[in-house]
Structures are given as C-alpha cells and as structure tokens.
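# Results of the structural survey
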Amino acid sequence: MPQSGFYAKARRGMPALIDQWRQLGQGDPDRLALILAETARVARLGEPEATPGGAVLEAWSQPEAGDRIPLWAARTATFLLVQMPARPVPKSEDEACAWAYCWLRNREFANVDEARAALPAHLQEMLAHAVGAAWADRQGLRLV
C-alpha cells in the first residue's frame, strides 16, 4: 500500500509536475533539461551536479520516478510553471502536493496565510488545502 503522508504524496506528484513543465515547454528535450538546470543555478533553487539530458527529463516524467527526482528539478519546474502565461494547474491531488511542497521550499513565508496569498491568483483556491498540508508537514519537521 502506498504511503499516504504528505511528503509521500508530494514525491508521487513530482513526475507529473516535471511532465507538465516538459509538455508546456514544447521544446527540444535537451534544451528543456538545460533550461531547468540553468534556472536552478541562477535562481538559487539548487545545485545540479550535472546538467541532465532530455532522456533524463523524460525518465523523471514517469510515474515511478518520484523518489529519483532531485528536489532542485521539482523546485525549478514549480518556479517556472507558476510564472507561465498559460496559467497551468496541478492535475491531481499528488501533483498539487508537489506544487505546494516546492512552493514552500522556494520562498520564505512568515505563516501559511502569507504563503497562500503569495500564490498566483489562478492557484490560490486550488492549492489552498495543499499549501496548508505542506505547511503542517514542514512545521512538524521543525519539532524533530
């Protein structure tokens, strides 16, 4: 039986998050992988050990890839998705958890309400619950 905790859901949703960014990017897979890695470095969302190729990006888009996706890649895909004029949205609860987890990892917020209010308008209602769950998960880890 799959784990049902928030982090497990977020990890299961990361392949869909990566895939949505890859599909909306509509470019050469190697170029999209380069954009992802370079954006991570420039925006300080992580330090990729190496720039992945298109085949790696494709592998990260497969449902079973959740635990193999480096957090910098998911964080960067979220960073790029929330800025897209196409206004993409998560397509499942697990993907919403991945978006929310990365949203909180990408920026500092004083409280959950600030985190929700900072979301782009088209995501505020859709991610309200997931951001709350991500916030509770993050706060729980601080108590350890």
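Further up the page is the structure itself.
The rules we used
- Residues numbered from 1 in each chain as written.
- Predicted model: local features only at pLDDT ≥ 70, side-chain atom pairs only at ≥ 80, totals over all residues.
- Heavy atoms only, no water.
- Helix = DSSP H or I, 4+ residues; strand = E, 2+ residues; numbered from the N terminus.
- Rg over C-alpha atoms; globule rule 2.2 N^0.38 Å.
- Buried < 20%, exposed > 50% of the residue type's maximum accessible area, 1.4 Å probe, protein only.
- Contact = heavy atoms within 4.5 Å.
- Areas by Shrake-Rupley, 256 points an atom, 1.4 Å probe, with all protein chains shown as cover.
- Axes fitted to C-alpha atoms, helices over the stretch in contact; angles between N-to-C directions.
- Parallel < 35°, antiparallel > 145°, perpendicular 65-115°, else oblique.
- Core = buried A, V, L, I, M, F, W, Y, C linked by side-chain atoms within 4.5 Å.

### Let's talk about the overall build of the protein
A count of helical and extended segments in the protein gives 7 helices and 0 strands. Going residue by residue from the N terminus, the α and β elements of the protein occur as α-α-α-α-α-α-α. Radius of gyration (C-alpha) of the protein: 14 Å, near the 15 Å computed for a compact globule of 144 residues. Its C-alpha atoms give the protein principal-axis dimensions of roughly 40 × 35 × 25 Å. Each of the 144 residues in the protein was classed as buried or not, and the buried ones make up 45%. Counting contacts in the protein only where the partners sit at least 6 residues apart, residues at least 24 apart contribute 67% of the total. Total accessible area computed for the protein in this model is approximately 7,700 Å², and 53% of it derives from carbon and sulfur atoms.

### A closer look at the packing of helix 2 (residues 29-42) against helix 4 (residues 71-81)
Contact geometry for helix 2 and helix 4: axes closest at 9 Å, N-to-C directions at 90°. As the angle between them shows, helix 2 and helix 4 are arranged roughly perpendicular. Between helix 2, through Ile-35, Leu-36, Ala-37, Thr-39 and Ala-40, and helix 4, the contact on the second element is made entirely by Trp-72, Ala-73, Thr-76, Ala-77, Phe-79 and Leu-80.

### Focus on the environment of Leu-24
Structurally, Leu-24 is set in helix 1 (residues 6-25). Separated by 64 residues in the primary sequence, Leu-24 and Pro-88 have C-alpha atoms spaced 8.6 Å apart. In contact with Leu-24, other than residues within four places in its own chain, are Leu-81, Met-84 and Pro-88.

### Focus on the environment of Arg-105
As for its position among the elements, Arg-105 is in helix 5 (residues 93-106). Sequence-wise, Arg-105 and Leu-17 are 88 residues apart; in three dimensions their C-alpha atoms are separated by 15 Å. Setting aside residues no more than four positions away along its own chain, Arg-105 makes contact with Leu-71 and Arg-75.

### Observations regarding the nonpolar core
In globular proteins that are soluble, nonpolar side chains generally tend to be buried together. Core analysis: the largest hydrophobic core is formed by 42 residues, its most contacted members being Trp-21, Leu-36 and Val-131. Listing elements by their share of this core, those giving two or more residues are helix 1, helix 2, helix 3 (54-60), helix 4, helix 5, helix 6 (112-118) and helix 7 (121-142). If we ignore the near neighbours within four places in the chain, the residues touching Leu-36 are Trp-21, Leu-57, Trp-60, Trp-72, Ala-73, Thr-76, Ala-77 and Leu-80.

What is shown is where atoms sit, not what they do.
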